[in-house]
Amino acid sequence: MTESLTEAPGGGRTFLDFPFAPDPNAIHGGFAVLGVPFGMPYSAEAAPNDQSRAPDALRRVSGSEDIRYTREHYDFDLDGYLLDGRDIAVVDCGNVTAVTNDPAEHYRRAERAARGIYAAGATLIGIGGDHGITIPLLRALEELGREVTLVHVDAHLDWRDEINGEPNGYSSPIRRASEMDWIGSIVQVGMRAIGSARMKEVEAARAYGAEIVTAYELHDKGIAHVLERVPDGGPYYLTIDADGVDPALMPGVIAPAPGGLDWFQLHELVHGLVRKGPVLGMDLVEIAPSCDVRDLTLLTAERLICNFIGASIRAGHSARS
């Protein structure tokens, strides 16, 4: 019997109470939320990770208020209703299942689930988990046979080749992306402070041709300047590490650093990117629910996802052939 790729969200709540779609290979267009709770740990002690609780915590917060307001009331972020009055499917595929004695199987299942979503013409919305989960979601883009521009929001560069012999952890997703033939331009936004990168990782990113926009350049020149550095036309993949956002807005992270993106910059980035071309998928990672303050991080994450869905619909990218 074939193992299930996904399971129902913990607590039984889906994102905004959209329908649960247990088989990612059986959906048809629209948007598909996929929880990928577990990264590849760098040590046995790091395996139990608070970030693995984020997919279900986000679903809980998305249903903490009257969901009809979010789904059926006027949204000033979007200048209208979330789905713009259109018949567009939004489903929640639940969480990718894991195997206790084989952490890599979680990635393999995440990749297979994502391939099914992309093949169905749906737009993927991945919820981590740490930033390592971006790796299988990007690997799955091979399915489409198109060169994809990667846009990366983060405080950190994420170009480590390995840590403790593990090449697929949270410090390596952009390095792994650079090795994928279907990933073309890479634009990295919000870098600041100190992370795992050393000079050789910075040099490797620059040698690849990555456009690195520090938080200081961003605040000085604005999101329009960032979008000018993103090739026109798409397609794109957007990965957002919560610590790329200013901790005043998203405090629920393990490694907060002052000076990240504010809400207006996030809004402009998401809306501006989908106007440039189709965004095939996005993910939001590195939320640590136990570090949050009054669910502010999770509420901001919900707003980000709603803006992504609404902006994509209005740009005409809610379904693909």
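Everything below is about the structure printed above this text.
Predicted model, so just to flag it, every value in this text is computed and none were measured.

1. Concerning a nonpolar patch on the surface
Alright, step 1. On the surface, Tyr-74, Phe-76 and Tyr-81 cluster together into a nonpolar patch covering about 420 Å² of accessible area.
Alright, step 2. Looking at the element boundaries, Phe-76 is found in the loop between α2 (67–72) and β3 (90–96).
Alright, step 3. According to the relative accessible area criterion, Phe-76 is exposed, its value standing at 77%.

2. A closer look at the packing of aromatic side chains
Alright, step 1. Counting across every chain of the model gives 3 aromatic pairs.
Alright, step 2. Aromatic pair Tyr-42 and Tyr-170: ring centres 4.9 Å apart, planes at 65 degrees, arrangement edge-to-face. With a gap of 128 residues between them, Tyr-42 in the loop between β2 (31–36) and α1 (54–62) and Tyr-170 in the loop between β5 (148–153) and α5 (173–178) connect regions that are remote in the sequence.
Alright, step 3. The exposure class assigned to Tyr-42 is buried, which follows from its relative accessible area of 11%.
Alright, step 4. Looking at Tyr-170, the relative accessible area reads 38%, which means it is partly exposed.
Alright, step 5. Seen from their ring centres, Trp-159 and Tyr-208 are 5.8 Å apart, and the 55 degrees between their planes marks the pair as tilted. In this pair, Trp-159 sits in the loop between β5 and α5 while Tyr-208 sits in helix α6 (residues 199–208), placing the two residues 49 residues apart along the sequence.
Alright, step 6. Of the residues examined, Tyr-208 reaches a relative accessible area of 30% and is grouped as partly exposed.

Reading guide: rules and limits
Residues numbered from 1 in each chain as written. Predicted model: local features only at pLDDT ≥ 70, side-chain atom pairs only at ≥ 80, totals over all residues. Heavy atoms only, no water. Patch = residues over 30% accessible without salt bridge, like charges linked within 9 Å, V, L, I, M, F, W, Y side chains within 5 Å. Areas by Shrake-Rupley, 256 points an atom, 1.4 Å probe, with all protein chains shown as cover. Salt bridge = Lys/Arg side-chain N within 4 Å of Asp/Glu carboxyl O. Helix = DSSP H or I, 4+ residues; strand = E, 2+ residues; numbered from the N terminus. Buried < 20%, exposed > 50% of the residue type's maximum accessible area, 1.4 Å probe, protein only. Phe/Tyr/Trp six-rings, centres within 6.5 Å; stacked < 30°, edge-to-face > 60°.

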